[in-house]
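Commentary on secondary and tertiary structure
Listed here are the chains, written in short residue letters.
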Amino acid sequence: MSQESIFDSITPKSNLVSFKLEGIRLQVENNEVADVTVNLDYIDGLNPSELKNVVPIANNIKDYLTNYPNNPNDLFEVINRNLIKELLSDDNLGLSEVLDSLSVNLDVEPKVIPFQFDNTNTRTSDGDINDIVSFQLKDIQLDVTNRENADVTITLDYINGVDPSDFKEVGVIADKVKDYLTNYPNNPNDLFEVINRNLTEELLTDDNLGLSEVLDSLSVNLDVTPAIIPFQFYSTNTRTPNGDINDIISFRLEDVTSPIDGGIVADVTVNLDYVDGIDSSVFKDVIPIGNYIKDFLANYPVEAGLYEVLNRDLTQGLLNDSNIGLSRVLDSLSVNLDVSPKIIPFQFDTTITRTANGDINDIVSFQLEDILLPIDGASVADVAVNLDFIDGIDPSAFKDVIPLGNFIEDYLTNYSHPNDSFEVVNNNLGNALLTDSNLGLSEVLDSLTVTLGASPGVIPFQFDNTVTLTPIGTTIFGGSEFTTVL
């Protein structure tokens, strides 16, 4: 098979275009100001030439919101629904023919709603509608033994297609949350995970709030200020009206050193995804887990090696340690190492996720900043790359990211088609990465994702394009054919 035919056979698994409009004044009764983030999820495998110019879409959004044609007392959720319907039905934009889904997030500045508030509406081309409302209460003092403060984020995932009259007033929910946490009625020594479970149960069972009739799920995140737990700590509890419960505990250790590469420094983020509905008595104290991680990294016996291998060893050690006892209570354990630039001269992350039954997933991410791209009058772009390795791959197959970074920078700074759109550039870059035999990515990845974040220029606002490609190798005359799983 010729190299040209290999290139031609690669098509994007997914193509996502995102942009953000800041400081849009809404034509509603109180003249709130919102940032508007738009996600265009294109039909899988769509030719990049069919992607739409985002500037007319943005102009339509600004005009619609600043001249809102409906009731100025409409809830933001209703405004957002009306906006998306307008965008998808506009024949001049032509979005309905090319999108799998359109999503718009309104991030509204506190005013009538006196706290951070977001509404995200997603509508598919076949008419499915999903509404998610999120809001955040800051510095709530918990009525527990050590009087910790927490930021509390509540996410309401409404039943798909719920009638707009069923949207709930978030101020009433917020008052309930604050009253419950500042006057916690149970044991003041309860773990934060238990407090969070009790809070979500209280919210869903309160007949005056009426959330159980209108939600698919309720999620509450407690972001606790370090005190008794001496590092950043999160508890997220998600509960459905039919009784399903999921608990994810996250914490972050900053500036942990390891002897690899002459003393690297990393921030370590850990996610403990507990078995759904597990008895709250088996939640683990995170402080011994944090101490284990710091000790493991500080005394890691290999002075030179890949961070991916270090992370694999760390996650295996955590799950196998009988004193910690994680393997009996978790669905999965995930550890992210965010490594400060040193030997690798750019932002670099490795995330390993292990399940209790032995499945392993490795994702490596890195970002190149301020790459000069010779299109549209020399644009500047940040490039974020995610390498999703084949599950359980042999550690010897991990790739050195420095040659990948050099390849990307060379490819973009010497790009020879100045009239191409960012989406076409990104698609071509993804193809080039997967088909370069010297890089050898096609044999080791489940998928490659590249995000091109363009500085405002010809497009006068924040703009991102994300393309995901999946190689499938089929040996043909000593070569490989690459296609995309759609």
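Residues numbered from 1 in each chain as written. Predicted model: local features only at pLDDT ≥ 70, side-chain atom pairs only at ≥ 80, totals over all residues. Heavy atoms only, no water.

Re the nonpolar core
With 147 residues, the main nonpolar core has Phe19 and Leu272 as its most contacted residues. Ranked by residue count, the leading element in this core is helix α3 (residues 76–89), at seven residues. Contacts of Phe19, omitting those with residues within four sequence positions, involve Val36, Thr37, Val38, Leu40, Val54, Ile57, Ala58, Ile61, Phe461, Gln462 and Phe463. (Core = buried A, V, L, I, M, F, W, Y, C linked by side-chain atoms within 4.5 Å. Buried < 20%, exposed > 50% of the residue type's maximum accessible area, 1.4 Å probe, protein only. Helix = DSSP H or I, 4+ residues; strand = E, 2+ residues; numbered from the N terminus. Contact = heavy atoms within 4.5 Å.)

A closer look at a negative patch on the surface
A surface patch of like charges, here negative, comprises Asp44, Asp100, Asp126 and Asp128. Locating Asp100 in the fold gives a position in strand β3 (residues 99–108). Residue Asp100 is classed as partly exposed on the basis of its relative accessible area of 32%. (Patch = residues over 30% accessible without salt bridge, like charges linked within 9 Å, V, L, I, M, F, W, Y side chains within 5 Å. Areas by Shrake-Rupley, 256 points an atom, 1.4 Å probe, with all protein chains shown as cover. Salt bridge = Lys/Arg side-chain N within 4 Å of Asp/Glu carboxyl O. Lys, Arg positive; Asp, Glu negative; His and termini not counted. Charge placed at Lys NZ, Arg CZ, Asp CG, Glu CD.)

Points about the packing of helix α4 (residues 170–182) against helix α5 (residues 192–205)
With their axes 11 Å apart at the nearest point, α4 and α5 run at an angle of 140 degrees to one another. Of the possible angle classes, the one that applies to α4 and α5 is oblique. As for the relative orientation of α4 and α5, their crossing is right-handed in sense. Taking contact as the criterion, the partners of Ile173, Lys176, Val177, Tyr180 and Leu181 in α4 are, on α5, Ile195, Asn198, Leu199, Glu202 and Leu203. A breakdown of the residues in the contact of α4 with α5 according to their chemical character gives seven nonpolar, one polar and two charged. (Axes fitted to C-alpha atoms, helices over the stretch in contact; angles between N-to-C directions. Parallel < 35°, antiparallel > 145°, perpendicular 65-115°, else oblique. Left-handed = near helix turned anticlockwise from the far one by under 90°. Nonpolar A, V, L, I, M, F, W, Y, C, P; charged D, E, K, R; others polar.)

Observations regarding the confidence of the model for the chain
Averaged over all residues, the pLDDT of the chain is 90; the fraction at 70 or higher stands at 93%. Predicted confidence is poor over residues 1–9, with pLDDT under 50, and the contacts of this stretch with residues over four places away or in other chains come to 15 contacts. Counting contacts from residues 473–486, a segment whose pLDDT is below 50, to residues more than four positions away or on other chains yields 35 contacts. (pLDDT = per-residue confidence, 0-100.)

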